[in-house]
Amino acid sequence: MASPIVLVIGCGVAGPVLAILLKRKGYRPIVFEKVRELGTAGASLMVMSNGLKVFNMIGVADAIKAESLPLKALWDAKASGEVLGQSDLPSTFTERYQQPAAGIRRTSLNLLLKNKVLEEGIEVREGWGLVAIQEHDDSVTATFSNGESVTGSFLIGCDGIKSAARTILLKQRGVEEGAPSFTGLTQTAFLSETPGPLQDLAAMRNWYGDGTHVIAYPVGPKTTSWALTQRETQEREETWRPFTADEMKTQQDALCKLLEGWDESIVQGVKSSERIIKFGLFDRDELKPEQWYSKRCVLVGDAAHPTSPHLGQGANQAMEDCYHLSCALPNLSSRQDFESNIAALGAISDIFRPFAESRQPRTSVLVKGARALGEKRVAVGAERGKERDEAVAQSYRGGAAAIVEKFEGLLSQPFN
Ligand SMILES: Cc1cc2nc3c(=O)[nH]c(=O)nc-3n(C[C@H](O)[C@H](O)[C@H](O)COP(=O)(O)OP(=O)(O)OC[C@H]3O[C@@H](n4cnc5c(N)ncnc54)[C@H](O)[C@@H]3O)c2cc1C
Ligand SMILES: *[C@@H]1O[C@H](CO)[C@@H](O)[C@H](O)[C@H]1NC(C)=O
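Residues numbered from 1 in each chain as written. Chains lettered and ligands numbered in written order. Predicted model: local features only at pLDDT ≥ 70, side-chain atom pairs only at ≥ 80, totals over all residues. Heavy atoms only, no water.

Visitor: Whenever I open this one, the site of ligand 1 confuses me. Can you help?
Guide: As a matter of local geometry, ligand 1 sits amid 31 residues, with Ala14, Glu33, Met46, Arg106 and Asp302 nearest to it. Bound to the protein, ligand 1 loses 87% of the 1,000 Å² it would expose on its own. Elements with a contribution of two residues or more to the shell around ligand 1: β2 (28-33), β3 (44-47) and α9 (314-328). (Near = heavy atom within 4 Å. Areas by Shrake-Rupley, 256 points an atom, 1.4 Å probe, with all protein chains shown as cover. Helix = DSSP H or I, 4+ residues; strand = E, 2+ residues; numbered from the N terminus.)

Visitor: What exactly am I supposed to notice about unusual backbone geometry here?
Guide: Excluding glycine, a negative phi dihedral is what most residues carry, and trans is how most peptide bonds are arranged. Residue Pro414 is bonded to the preceding Gln413 through a cis peptide linkage, with omega at -10 degrees. Relative to the helices and strands, Pro414 is located in the segment after α13 (399-411). A positive phi is found at Gln98, a non-glycine position, where the angle reads about 75 degrees. Residue position: Gln98 is located in the loop between α4 (93-97) and β6 (102-105). Phi is positive for Asp337, close to 60 degrees, though the residue is something other than glycine. Considering the arrangement of structural elements, one finds Asp337 in the loop between α9 and α10 (338-344).

Visitor: Teacher, can you tell me more about the sheet that holds strand β13 (residues 203-209) here?
Guide: Each strand in a sheet pairs with another by means of backbone hydrogen bonds, the pair being arranged parallel or else antiparallel. Spatially, seven strands are ordered β5-β4-β13-β14-β15-β12-β16 in an open sheet, and the strand pairing comes out mixed. Of all strands in the sheet, those with a lone pairing partner are β5 (83-87) and β16 (276-283), marking the two edges. Shown here is a sheet whose adjacent strand axes are inclined to one another by a mean of 20 degrees, direction ignored. In this sheet, strand β15 (residues 223-231) lies alongside strand β14 (residues 212-220) in antiparallel orientation, the contact comprising eight bridges. Counted as the bridge partner of Ile215 is Ala227 from β15. (Pairing = 2+ DSSP bridges. Axes fitted to C-alpha atoms, helices over the stretch in contact; angles between N-to-C directions.)

Visitor: Can you help me understand the pattern of salt bridges in this one?
Guide: Side chains that differ in sign of charge can pair as their charged atoms come close. Counted under the stated rule, the structure contains 23 salt bridges. Here Glu375 ties to Arg231 by a salt bridge, and the two come within 3.1 Å at their closest N and O atoms. Separated by 144 residues along the polypeptide, Glu375 in helix α11 (residues 349-377) and Arg231 in strand β15 bring together distant segments of the chain. When its relative accessible area of 34% is taken as the criterion, Glu375 is described as partly exposed. By relative accessible area, Arg231 is classed as partly exposed at 33%. Asp389 is the partner of Arg388 in a salt bridge, and the nearest nitrogen-oxygen pair spans 3.0 Å. Just as Arg388 is buried, Asp389 falls in that class too. Through salt bridges with shared partners, a single ionic network connects Glu320, Asp321, Arg359 and Arg362. (Salt bridge = Lys/Arg side-chain N within 4 Å of Asp/Glu carboxyl O. Buried < 20%, exposed > 50% of the residue type's maximum accessible area, 1.4 Å probe, protein only.)

Visitor: Sorry, what's going on with the sheet that holds β2 here?
Guide: Spatially, β7-β2-β1-β11-β17 is the arrangement adopted by the five strands of the open sheet, whose pairing is parallel. The outermost strands of the open sheet, each flanked by one partner alone, are β7 (123-126) and β17 (297-299). Each adjacent strand pair in this sheet contributes to an overall mean axis angle of 20 degrees, direction not counted. Inspection of the sheet shows strand β11 (residues 154-157) paired to β17 by three bridges, in the parallel sense. From the neighbouring strand, Leu155 faces β17, where its bridge partner is Cys297.

Below is the structure:
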């Protein structure tokens, strides 16, 4: 009997990983990607141990680590550079959680994953944007922007924060969801050569100023990724974009002015920045677990639980989703029980339901936590700034044990 076709919507982070995990379990995934060709996305992301364990299952963890410079430390300071706290806990992540934390450019990660999918002999159809879904008793038909339709056994929506799969599933239930919600914060991100003073320690560094927060971490042996978070109203949306080469000098000067009196290494980073991009930070209100799936469709990653980036968990939680969903689906490569396994796909929402019920509470807490942390980081005014700095310093005072506790619940997942 032919392997059941799985329609995987989106070739971002979750799509390729699920496609590979499912191929290995005897399914025939096809990945559909709206974008015709991957562009150079501006931002970077921090892959943590929980995500890297899943990337390791599909054989890309070593490539991620080789391109990056795995984290050795956490380091927090006032805007001036006066240290609030420091910990070398991340240097023990591999020992504790099998994998370290490592920053990577988003474009590199996307390319690496897409190439891995192709290498595994999985079909990727680029320029195919999902526009409609029709569910039947034993199958599902997806229609795409090019007018083509494809039928499979089930569909997995991995199509990100602006997920069409999510919109369609909600509409079936009579829910009209608007655009993602602007969190009131923007980020200005860029890459630079790692400034001299930061070269001796591969750290995730935070600087806290009045209404402004800066984060930096290595995404390569000599490269640092930066993001500056500020409060801003949505009226200035037209300024949210990559800046052109002609605008670079003006942008760098504006940033230097904004960062007057800040740690000199940040200013060095700005001055040697290659490309500056600014964007708004968005998330969405949580869905109920039963809204994550339908008769033959299920959502994972940002499609199910888009988050602002302050906890660095969006992609990592997407990886946990991939792991749990692939574990829950029957293994069709095993000849034993093949008939009953295939039969189980008949009532596949019985597999989606416990997946959604276990994943929704965890991700919902993290989405709210990320939003709250973002708010705290950009505290405005001397008094609230002082409170924030004191809280940051306090979080280090419990010593290693307190910091281990903060990470344990995240990094010991999805298996250890
Ligand atoms: C500034 C910023 C910093 C971040 N930093 C971190 C971090 O440090 N750590 C972390 O873990 N996470 C981070 N994240 C979050 C992380 O990027 C996302 O959580 C993660 O990419 C989600 O993966 P995904 O596969 O669900 O969606 P995506 O990676 O967004 O992929 C979705 C894919 O679906 C495609 N698509 C969209 N619509 C359709 C359609 N209709 N049909 C077909 N294809 C479609 C898209 O083109 C895209 O390729 C950050 C996010 C931002 C914005
Ligand atoms: C599926 O079953 C096959 C055959 O028994 C086995 O080799 C393989 O490791 C299993 N795959 C997974 C992901 O469990």
